[in-house]
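Observations on chain architecture
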Amino acid sequence: MVPAVSADCSSTSFTPLVVLELASDTKQEAIAWLLSRIRDPHQNGGIELLVEQLGLGDGGSEKENPNLFLVGAKWQRLLSGAEEVGLFKEFSDGSMRGFTCANKHNFKHFEGDGDSFLSMAECQYIIKHELDTLRAKDETHVPGHPQAKLYPGKSIIRRLLSKGVLIQVFPLHEKEELKRLSYSWYQKIKLSFQPLDDIRRYYGEGQALYFGFLEYFTFALVPMALIGVPYYLFDWENYDKYVVFAVFNLVWCTVILELWKRFSTSLAYSWGTLSRKKAFEEPRPGFHGVLGFNPVTGREEPLYSNTKRQLCVYLVSLPFVLLCLYLSLYVMMIYFLMEGWALSVHDEEPTFWTRVLLFIPSIIYAVVIEIMNLVYRYAAEFLTEWENHRLESSYQNQLILKVLVFNFFNCFASLFYIAFAMQDMALLRQSLATLLITSQILNQIMEAFLPYWLQRRRNKKMMRKVQKRKAVAEAELPLAEQVRLEADMSTYLGTFDDYLELFLLFGYVSLFSCVYPLAAVLVVLNNITEVYSDAFKMCRVFKRPFSEPAANIGVWQLAFEAMSVIAVVTNCSLIGMSPQVKAYFPESETQLILWTVAIEHGLLAFKFILSFIIPDVPKHIQIKLSRLEFESLEALKKKKMLEASELTKGIQ
């Protein structure tokens, strides 16, 4: 835990958990009102948290924003908050149960007052939940800021964020705990599993599940890589002997996703998120509409016509996406023209330099693909924001759908064209290798080297400030300096880009790696460096993100399963096109197509049967969940019987 500190303007000591940064021009009456609402007891509409202003520190500059506030809470308040958010903890019998204050001493590791029972990430999640539930009473606007309109039931924090009065809310790092995690995670180079439990304890389940999936995906690629190396070495010039590898692809991409669901379920159960009820989702900060009455919550909130939103999607967003797909197709045709030109130059006068020239169009195309993906991402975010989705989950699902469709088409359209229109396996191998290697190099530059350089630059800048103030070494930075250092760090934007990268790599491996068996080897090497670069960024480059409870990888599971279905169709088609298979149908191409389609349908049926045969929840976890449900029903029966007997006694 971060040590308890005494705020500059008060003798009250508490453990700072979360930082609120208000704009430097925020009116004093707004600050006083907000702090009062945060400190007020529940019966007065407050949330009963502790909050104090952070001082400028010794020799603080006038340019620094003075409106930074530390937020914490008493332990009893945190424990009651844990019950409110439905936190699951390990019970004395080893099962995972929803925490209740009345039953707190029956939970494992609850000792004394319970001041070490909750992790700091859990405490920060509770603080964030309480801040999000802070609502306006009868105020019409934020004091001193008439543009920040309020109405009864409106989330105050969300309104302040949307109007720019509140710049950011972020949880503080634990320096000692972060050092231990960094050492076991990425500072010590070793061949071992990641400390997923430690990652989950520090960053939360959502982040731990991403790193768990990254690790699982890497180990799942090892058999394919081991098979691919000798296959590549001995059949380098024979592009047609890929049938066996394609069959292996078919089985591999189905089995690993089914086994991952079982593994993620085990992780979610051990972390207490499998049975946890999903919290009621509040409107997004940017959601706007006509003020109306929500029949579910009984509160006033903005309402927006779903018909109007659907019109925006189908009349604006969909045509825009189709236009972008057309532009991607146009760029692909330019690439093929460049490829044809390079081949003609090489055929006229074959030399070492003309052989090098053959790879230039693919490299340029790979770079253009990455640039187009980046530009489209910004456009997709703008469009999805404009569609005005009420819930964050709806916003994310729409954004993921837009981005996945374009990225899939942009990255794989040329490979499909080469494989099935041109039927040139040599060019397919060359294009796949060039696209994969170039994209990995660009990603490593953007995700590893650039963040490392930015972090070193930021640290040097901060240490110069500290040395001017005659402060001690970085390990002993005063709290004020540590908070301001973290406030200037980059904000972690979630796992979206990380999952997207893994999705595209999974596509390269599952769709066409049978013609380039080294693809799995390259992806394994990429994932190993990805683990260390992502771990470094989480610990040294980004602010600490709030813990987000998660029981699985969400909509990305569906995305990977959709890719595996496409992989079945693609690999069956490649098998049907191979000379070995064509030799069995020398006179009838129609018969070959019919057999290929029949086998492909049979494999798809087998894939879906396999998903039913392999249960998502392991048997021992099913038993524990059923036992917990039985005990809950029995406890409810006893409670009703006790109430009935007391009512009978009262009547008598």
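The name recorded for the chain in an unreviewed UniProt entry is Anoctamin, from Gymnodraco acuticeps. The chain has a UniProt comment under Sequence similarities (unreviewed entry) that states "Belongs to the anoctamin family." Recorded in UniProt for the chain, the comment headed Subcellular location (unreviewed entry) runs: "Membrane".

The tally for this structure, following the rule as stated, stands at 35 aromatic pairs. On the basis of an interplanar angle of 40° and a centroid distance of 5.3 Å, the ring pair of F99 and F117 is categorised as tilted. Of this pair, F99 sits in the loop between β7 (96-98) and α3 (120-132) while F117 sits in the loop between β7 and α3, and the two are 18 residues apart along the sequence. Considered together, F99 and F117 belong to a single accessibility category, that of buried residues. Geometrically, the ring pair formed by F213 and W260 is edge-to-face, given 5.1 Å between the ring centres and 70° between the ring planes. With F213 in helix α7 (residues 205-234) and W260 in helix α8 (residues 243-270), this pair connects stretches of sequence that are 47 residues apart. A residue is classified by how much of its surface remains accessible, and F213, at 3% relative accessible area, is buried. Taking the ring centre of F117 as reference, the NZ or CZ of K89 above it sits at 5.0 Å. Its end group placed over the ring of F546, K128 keeps NZ or CZ at 5.8 Å from the ring centre.

With that settled, the discussion passes to the state of the cysteines. Here, the word disulfide means a covalent bond between the sulfur atoms of two cysteines. Per the stated rule, a full pass over the model turns up 0 disulfides. Not part of a disulfide, C572 finds its nearest cysteine sulfur in C253, a span of 9.8 Å.

The next point concerns the sheet that holds strand β5 (residues 68-72). On the basis of which strands lie adjacent, the open sheet formed by 4 strands has the order β4-β5-β3-β10 and antiparallel pairing. Edge positions in the sheet fall to β4 (50-53) and β10 (166-171), since each has one partner strand and no second. Each adjacent strand pair in this sheet contributes to an overall mean axis angle of 20°, direction not counted. Against the sheet, α3 makes contact with β3 (18-22), β5 and β10, and its axis sits at roughly 40° relative to β3, the strand it touches most.

Before going further, it helps to spend a moment on the UniProt feature "transmembrane region" (unreviewed entry) in the chain. The UniProt feature table records "transmembrane region" (unreviewed entry) at residues 208-233, 239-260, 311-338, 358-379, 399-420, 432-454, 502-525 and 592-614. Across residues 399-420, the secondary structure splits into 100% helix and 0% strand, with the terminal C-alpha atoms separated by 30 Å. Note that residues 592-614 is 96% helix and 0% strand, and that its end C-alpha atoms are spaced 32 Å apart.

It is worth spelling out helix α12 (residues 392-422) at this point. Compared with an ideal rise of 1.5 Å per residue, which puts 31 residues at 45 Å, α12 spans 43 Å between its outermost C-alpha atoms and is within 8% of the ideal. Taking the largest bend as the criterion, α12 deviates by roughly 45°, centred on F412. Q423 sits one or two positions beyond α12 and adopts a positive phi of about 55°.

This part is about the pattern of salt bridges. All chains considered together, the criterion is met by 18 salt bridges. The partner of D132 in a salt bridge is K128, and the shortest N-O contact between them spans 3.1 Å. Residue D132 and its partner K128 are both found in helix α3; the two are separated by 4 residues, about one turn of the helix. Of the charged contacts, one joins E381 and R377 as a salt bridge, the two residues approaching to 2.9 Å between their closest N and O atoms. Here R377 and E381 lie together in helix α11 (residues 360-386), a separation of 4 residues that amounts to about one turn. Several salt bridges converge on common partners, so that one network encompasses K89, E122, R200 and E205.

This brings us to unusual backbone geometry. The backbone of E48 shows a phi angle near 55°, a positive value even though the residue is not glycine. By the secondary structure assignment, E48 is in the loop between α1 (28-39) and β4. One non-glycine residue, N388, lies in positive phi territory at about 60°. Looking at N388, the relative accessible area reads 0%, which means it is buried.

Conventions and cut-offs
Residues numbered from 1 in each chain as written. Predicted model: local features only at pLDDT ≥ 70, side-chain atom pairs only at ≥ 80, totals over all residues. Heavy atoms only, no water. UniProt positions renumbered as here; feature names shortened; annotations may be inferred. Phe/Tyr/Trp six-rings, centres within 6.5 Å; stacked < 30°, edge-to-face > 60°. Helix = DSSP H or I, 4+ residues; strand = E, 2+ residues; numbered from the N terminus. Buried < 20%, exposed > 50% of the residue type's maximum accessible area, 1.4 Å probe, protein only. Lys NZ or Arg CZ within 6 Å of the ring centre and 35° of its normal. Disulfide = S-S within 2.5 Å. Pairing = 2+ DSSP bridges. Axes fitted to C-alpha atoms, helices over the stretch in contact; angles between N-to-C directions. Contact = heavy atoms within 4.5 Å. Expected span 1.5 Å × (residues − 1). Bend = angle between axes of the 7 residues up to and from the residue. Salt bridge = Lys/Arg side-chain N within 4 Å of Asp/Glu carboxyl O.

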